[in-house]
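Single-letter residue listing:
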Amino acid sequence: MRKILLIEDNKPTVEMIQLFLKLHDYEVEVAYNGKDGLQMAPNADLVLLDVMMPEMDGLEVCRRLKSSAETKNIPVIIVSIKADDLGKEGREIGATAYLAKPFDPEKLLSLIRRYLPG
Amino acid sequence: MNYSFGFVDLFGALLAAVLAIVIIIHNPRERLIQYFFGYAVMIGFFNLFNALMIMTDSVNLAFHFERLTIVFWSLFLLFFTKFCFVISKFDREKAARPIFFGLIVVSALVNYVNYVTDWIYKTPVMTGLGYSDVIGRWYLVFVVYSALAVILSIYFLMRTWRSTKSNREKMQSLVILTALFIGFVAGGVLDGVLPLLGIFAQSTSPIISTLYVMVFAYALTRYGLLKVTPALIAQDVFRMMPVMMEFVDLDRKVLVINELFAKNLGYKSSELIGQECKLFHANPELHEKFHQELLLKGSIRQGETALLRKDRAIIPVNVDAARVKDRFGETIGEIFIYRDIIKEKELLEKQKEIIVELTKNKERMLSILEDTTEARDEAKKKSEELVKAVDDLKEVDRMKNRFLSVMSHELRTPLTPIKGFSSMLINGQLGPLTEPQINALGSIQRESDHLLALIDSILDTTKLETGREIELNTEPVSVKILIEELVPIIKPQCDQKEQSLEVKVSADLNTIIGDRTKLHRLLTNVIGNAINFTPNGGKISIVGQNVDNGIEIKVIDNGIGIEEQYLEKIFEKFVQIDNSYSRATGGVGLGLAISQAIVEAHGGKIKAESKGIGWGTTIAIDLPVGGSK
């Protein structure tokens with residue numbers, strides 16, 4: 001079972017994504033802030049990353065993930081209400097894809113399937 | 001014996017003497033007058049000895065007097081010539097001295113010859129009129145010598161008459177010339193030509209010469225001297241002085257006054273001369289004091305007194321005065337110089353008035369300045385308050401924008417699970433649902449989308465407000481497909497209002513470079529407006545076609561329409577023409593403002609067309625193929 005790390009501070013959103021991904025046979029681990037997310041990332045196959053979070057924001061997390069040899073090949077999908085504005089910046093720091101909140105869960109699924117085949 | 005002609009000559013002698021005295025008194029120090037004096041005296045003697053010759057009773061005495069007559073004739077001629085040299089200014093030339101010296105020599109020679117021989121005049125003979133001259137064989141030499149002197153004089157007088165620019169010199173020369181000419185002709189004929197013809201009348205030359213003297217004397221007194229001497233200038237200067245001047249003798253009687261003095265006092269000069277000076281002083285006692293002060297100090301400076309006019313009017317004056325001494329050091333009188341100070345006083349009064357007026361003005365100005373300063377301070381204060389108010393407003397605006405931005409983000413966050421869960425539910429991923437449940441979930445989803453659209457509008461507006469450009473994430477977009485995707489979403493809204501929806505988009509509509517999401521919002525906004533502002537049963541058309549290097553999308557409705565004056569205004573933020581209607585339709589007046597911003601971010605144009613209220617509206621959007629600017 002593929003392991004997806006969800007770094008997101010909003011509980012209802014976490015619950016919705018967790019439920020949806022489990023329905024589609026993914027193992028979901030959750031970090032409620034950036035720091036925890038960074039620690040848990042090496043075990044994940046894909047990271048879903050929110051941007052506006054306490055402790056450390058998603059962009060910084062992404063930058064660190066992409067600069068560490070251990071985690072730089074893990075696909076990172078930024079899922080944010082700010083995704084509109086973060087297109088360029090996210091691309092520069094090496095995010096794999098972007099999805100604006102609120103989103104259609106099917107779109108999230110198709111993105112995950114694109115970057116995490118099989 | 002008839003001596004009548006002798007008496008004529010005696011009278012001539014007397015006349016010449018009087019004239020000589022009158023003239024020399026006229027100006028004794030003037031050289032020209034001195035020559036004239038000599039000339040007149042010589043004529044007097046010339047007359048006298050001619051008279052004596054005529055009237056004597058012995059031929060020896062007659063001979064003696066006849067010779068003396070010729071001597072004085074010669075002397076008269078020399079003085080006359082010299083007089084003419086001076087008057088014609090020839091005496092200043094180098095030739096004057098030798099010529100005059102030559103004349104003296106010839107004169108002396110002629111007289112010597114005449115005295116020792118009878119070559120010029122023979123012994124006089126007795127006629128009915130007394131003894132008379134008898135000419136000798138060389139008489140012509142004497143005539144020529146005399147004529148030469150006269151001609152020389154005439155020549156130089158003529159020269160002056162022609163060359164001078166002074167009117168006075170011209171007149172004087174002319175008078176003397178005329179007299180000379182007549183005398184020369186008359187004397188020449190009577191005493192020169194007639195004797196040559198053997199006619200012996202009595203000599204007329206002496207009396208004719210006297211007549212010259214009379215004419216010259218007239219010319220001198222009438223026209224003055226040719227040469228303007230310092231003494232004469234002084235006289236004129238005194239006469240024309242621009243202050244009032246009065247010279248009184250030691251008896252305090254007026255001796256000399258200038259023209260201004262007489263004029264200002266309203267008298268003729270002749271009325272004042274010889275009068276006691278206290279007569280025309282308003283305060284004679286004060287004037288007496290001046291006299292006393294002059295005795296003590298010799299002069300007065302800047303005294304103040306007043307003169308009395310003939311009409312008894314009083315003239316206030318400043319007075320300067322001094323005791324005057326003649327060239328021998330003897331005091332001869334006092335000179336008073338008066339300045340009319342009425343005008344000065346008037347000026348002073350005027351100046352005082354002006355100063356008072358200026359002072360008032362200054363005070364007024366100061367008061368105005370004070371007011372102005374106060375007003376300025378007040379204005380400054382107000383302006384500072386205004387600046388602060390504007391700053392506060394700006395801060396409030398920033399806070400508002402920040403609030404809207406944060407709020408729109410915060411509002412999106414809960415929408416994420418709402419949309420996610422409802423999507424999972426409606427798709428049956430969380431178990432089978434009943435139809436009412438499915439309908440309810442559909443409603444939740446639609447309203448969520450509506451809420452999201454509103455939130456997006458607010459977000460875009462805050463961007464517009466803060467002057468940020470709408471950022472585009474560009475990619476090739478087929479607007480045809482975009483419209484086709486929109487149809488299922490808008491169709492239910494049209495159905496709800498029983499509106500017909502017509503879509504006519506060319507099959508080959510150009511693909512453009514643009515931001516899919518933003519273009520989606522643009523179309524949603526514009527079509528949403530058309531549905532909102534068209535009553536039930538209306539018609540909405542979406543037309544898409546290629547234009548030059550781009551596409552044109554028109555959204556046409558047959559709704560309420562727009563008045564012409566509002567066609568441009570509707571693209572401004574928060575503008576809705578009929579607010580009550582917009583409330584009923586649920587908009588906030590941001591749609592078209594955002595739409596315009598999106599179109600402009602793509603380098604396109606958007607405009608509204610309407611024939612007026614009730615005629616429907618067409619929104620025309622031009623988008624270039626090239627996409628964003």
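Residues numbered from 1 in each chain as written. Chains lettered and ligands numbered in written order. Predicted model: local features only at pLDDT ≥ 70, side-chain atom pairs only at ≥ 80, totals over all residues. Heavy atoms only, no water.

Draft legend 1. Structural context of the overall build of chain A. Check the secondary structure of chain A and you find five helices and five strands. Along chain A, helices and strands appear, N-terminal first, in the series β-α-β-α-β-α-β-α-β-α. Out of the 118 residues in chain A, the part that is buried amounts to 52%. Taking the intrachain contacts of chain A between residues at least 6 apart in sequence as the baseline, contacts between residues at least 24 apart amount to 62%. (Helix = DSSP H or I, 4+ residues; strand = E, 2+ residues; numbered from the N terminus. Buried < 20%, exposed > 50% of the residue type's maximum accessible area, 1.4 Å probe, protein only. Contact = heavy atoms within 4.5 Å.)

Draft legend 2. Seen up close, the overall build of chain B. Check the secondary structure of chain B and you find 17 helices and 14 strands. Taken across its 629 residues, chain B has 42% of its residues classed as buried. Considering only contacts within chain B whose residues lie at least 6 apart along the sequence, 64% involve residues at least 24 apart. Put simply, chain B shows about 34,500 Å² of open surface, and 61% of that area lies on carbon and sulfur atoms. (Areas by Shrake-Rupley, 256 points an atom, 1.4 Å probe, with all protein chains shown as cover.)

Draft legend 3. Representation of empty space enclosed by the protein in the model. Residue and element names in this part refer to chain B. In this structure the tally under the stated criterion is one cavity of 30 Å³ or more. Considering only enclosed or pocket space, the largest cavity measures out at about 30 Å³ in volume. Residue lining of the largest cavity: V479, L482, L519, L522, L523, I553, I621 and L623, and that is the complete set. Listing elements by their share of the lining of the largest cavity, those giving two or more residues are α14 (479-496), α15 (516-532) and β14 (617-624). Examining the composition of the lining of the largest cavity, we find that three residues originate from one element, α15, more than from any other. Tallied by class, the residues present in the lining of the largest cavity amount to eight nonpolar, no polar and no charged. (1 Å grid on protein atoms, 1.4 Å probe; cavity = no way out; pocket = protein on both sides within 12 Å on 5 of 7 lines; lining within 4 Å. Points joined across faces, edges and corners; volume = space filled by probe spheres on them. Nonpolar A, V, L, I, M, F, W, Y, C, P; charged D, E, K, R; others polar.)

Draft legend 4. Up close: the sheet that holds strand β4 (residues 254-257) of chain B. Residues and elements named next belong to chain B. Sheet architecture is open: five strands sit in the order β4-β3-β7-β6-β5, paired in antiparallel fashion. The two strands at the open ends of the sheet, each matched to only one other strand, are β4 and β5 (299-308). Neighbouring strand axes in the sheet, compared pairwise and without regard to direction, differ in orientation by 30 degrees on average. (Pairing = 2+ DSSP bridges. Axes fitted to C-alpha atoms, helices over the stretch in contact; angles between N-to-C directions.)

Draft legend 5. Summary view of the interface of chain A and chain B. In this assembly, 19 residues from chain A lie in contact with 20 residues from chain B. Summing both partners gives a buried area of about 1,800 Å² for chain A against chain B, and 62% of it is carried by carbon and sulfur. In this assembly, chain A and chain B are joined by zero salt bridges. If you look at where chain A meets chain B, you find two residue pairs in polar contact (both at pLDDT 80 or more). For the side of chain A that touches chain B, the secondary-structure elements that each account for two or more residues are α1 (11-23), α4 (83-92) and α5 (105-115) of chain A. Take the side of chain A that touches chain B: its biggest share by element is seven residues, from α1 of chain A. Split into classes, the residues belonging to the side of chain A that touches chain B amount to nine nonpolar, three polar and seven charged. (Buried area = accessible area lost by both parts, 1.4 Å probe. Salt bridge = Lys/Arg side-chain N within 4 Å of Asp/Glu carboxyl O. Polar contact = N/O pair within 3.5 Å; in protein donor to acceptor, adjacent residues only side chain to side chain.)

Draft legend 6. Spotlight on the pairing of strand β7 (residues 331-340) of chain B. Residue and element names in this part refer to chain B. Where strand β3 (residues 244-248) lies against β7, five bridges are found, and the strand directions are antiparallel. Residue pairing in the sheet places E246 in a bridge with F336 of β7. One ladder, built from nine bridges, connects strand β6 (residues 314-325) with β7; its direction is antiparallel. Counted as the bridge partner of A321 is F336 from β7.

Draft legend 7. Main features of the packing of helix α4 (residues 96-116) of chain B against helix α5 (residues 139-163) of chain B. Residue and element names in this part refer to chain B. Where α4 contacts α5, the two axes come as close as 11 Å, and the packing angle between them is 155 degrees. The angle between α4 and α5 falls in the class roughly antiparallel. Note on packing geometry: the crossing formed by α4 with α5 is left-handed. Across the interface between the two elements, I99, L103, V106, S107 and V110 of α4 pack against F142, Y145, A149 and L152 of α5. (Parallel < 35°, antiparallel > 145°, perpendicular 65-115°, else oblique. Left-handed = near helix turned anticlockwise from the far one by under 90°.)

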